[in-house]
Amino acid sequence: MPKEYLATLNILVSDREVNAPEINDVITKFGHLIRARLGIHLGRKCVKNCSGLITLIVEGEKKELYKFAQGFSKYKFAVVKLGFISEVK
């Protein structure tokens, strides 16, 4: 049986109002891996072309988690970092 891992997936999105639909499509596709989600606006007083940061706590096989992170690779407006925390026992 493949090992499962707990990890964080951080997604920095530029111009979040315009680009949110594409980001949410990927997140929805892999929703079964998500344990928690936090989204923040980086510019507290920003009104237009604002960036946002989404942090996901995810759980799954390494192969699945890498596939999830790579799902954002076609979007130049997204910077994604996957960090493994521990193996789930």
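Here, every reference points to the structure presented above.
These numbers were taken from a predicted model, which means no experiment stands behind them.

1. Structural notes on helix H2 (residues 62-70)
No. 1: Within H2 the residues assigned to the buried category are Leu-65, Phe-68 and Ala-69. In an axial view of H2, the angular spread of the buried residues amounts to 95 degrees, which keeps them on one side of the axis. Those residues of H2 that are exposed and aimed more than 90 degrees away from the buried face are Lys-63, Lys-67 and Gln-70.
No. 2: Where H2 is buried, its residues touch strand S1 (4-13), helix H1 (16-29), strand S2 (34-41), strand S3 (52-61) and strand S4 (78-88).

2. Quick look at the nonpolar core
No. 1: Of all hydrophobic cores here, the largest spans 20 residues; its most connected members are Leu-9, Ile-11, Ile-23, Ile-27, Leu-56, Phe-68 and Phe-72.
No. 2: Looking at this core, the elements with two or more residues in it are S1, H1, S3 and H2.
No. 3: Per-element accounting of this core gives the leading share, 5 residues, to S1.

Rules behind the numbers
- Residues numbered from 1 in each chain as written.
- Predicted model: local features only at pLDDT ≥ 70, side-chain atom pairs only at ≥ 80, totals over all residues.
- Heavy atoms only, no water.
- Buried < 20%, exposed > 50% of the residue type's maximum accessible area, 1.4 Å probe, protein only.
- Helix = DSSP H or I, 4+ residues; strand = E, 2+ residues; numbered from the N terminus.
- Arc of directions from axis to C-beta.
- Contact = heavy atoms within 4.5 Å.
- Core = buried A, V, L, I, M, F, W, Y, C linked by side-chain atoms within 4.5 Å.

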